[in-house]
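# Remarks on the overall topology
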Amino acid sequence: MARDSRPVYSTDSGRLCPECALPVSNCQCKSKTRQTAQPSGGVTIGRERKGRAGKEVTVIRGLPLNALELQLLGSSLKKHCGSGGTVSGDTIEIQGDHREKVKAFLLDLGHQAKLAGG
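Computed from a predicted structure; not experimentally measured.

## Let's talk about the environment of Ser 83
Looking at where Ser 83 falls in the secondary structure, it is placed in the loop between α2 (67–81) and β5 (85–88). A C-alpha to C-alpha distance of 6.0 Å links Ser 83 and Gln 95, two positions 12 residues apart in sequence. One polar contact links the side chain of Ser 83 to the main-chain carbonyl oxygen of Gln 95, over a distance of 2.6 Å.

In structure tokens form, the structure reads like this:
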């Protein structure tokens, strides 16, 4: 067995984290990668239409979360709004104008969010 080999899957617990070798559900690395400081502008919820053939998209920026947490939050927001969307970079995009729903959802989670734009 190679010196740098490690298990990536366990039949008892499923997938293992590549960093700490614990099951992904109990990974200790998630808390280490979380950003602790809020971005200077805070969480903003806006509506964009530019470059999307006239279709409206709700855009959430400035969340102090790592990539995995953004994916999970994006999935929860899409389900809450009953709409499609994507996570690209550090922004979450939800199809349609759901600014009020998104703001209420984020406030319930403890994020200080504000509406941006018109």
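Next comes the rest of the write-up.
## Side note on the packing of α2 against helix α3 (residues 99–108)
A packed helix pair is summarised by two numbers, namely the angle formed by the two axes and the spacing between the axes. For the pair α2 and α3, the least separation of the axes is 10 Å and the interaxial angle reads 130°. With respect to each other, α2 and α3 are oriented oblique. The two elements α2 and α3 meet at a crossing, and its hand is right-handed. Only Lys 101, Val 102, Phe 105 and Leu 106 of α3 make contact with α2, whose side of the interface consists of Leu 73, Ser 76, Leu 77, His 80 and Cys 81. The residue inventory of the contact of α2 with α3, partitioned by class, reads six nonpolar, two polar and one charged.

Definitions and cut-offs
Residues numbered from 1 in each chain as written. Predicted model: local features only at pLDDT ≥ 70, side-chain atom pairs only at ≥ 80, totals over all residues. Heavy atoms only, no water. Helix = DSSP H or I, 4+ residues; strand = E, 2+ residues; numbered from the N terminus. Polar contact = N/O pair within 3.5 Å; in protein donor to acceptor, adjacent residues only side chain to side chain. Axes fitted to C-alpha atoms, helices over the stretch in contact; angles between N-to-C directions. Parallel < 35°, antiparallel > 145°, perpendicular 65-115°, else oblique. Left-handed = near helix turned anticlockwise from the far one by under 90°. Contact = heavy atoms within 4.5 Å. Nonpolar A, V, L, I, M, F, W, Y, C, P; charged D, E, K, R; others polar.

Geometric descriptors of this kind do not, in isolation, establish any biological role.
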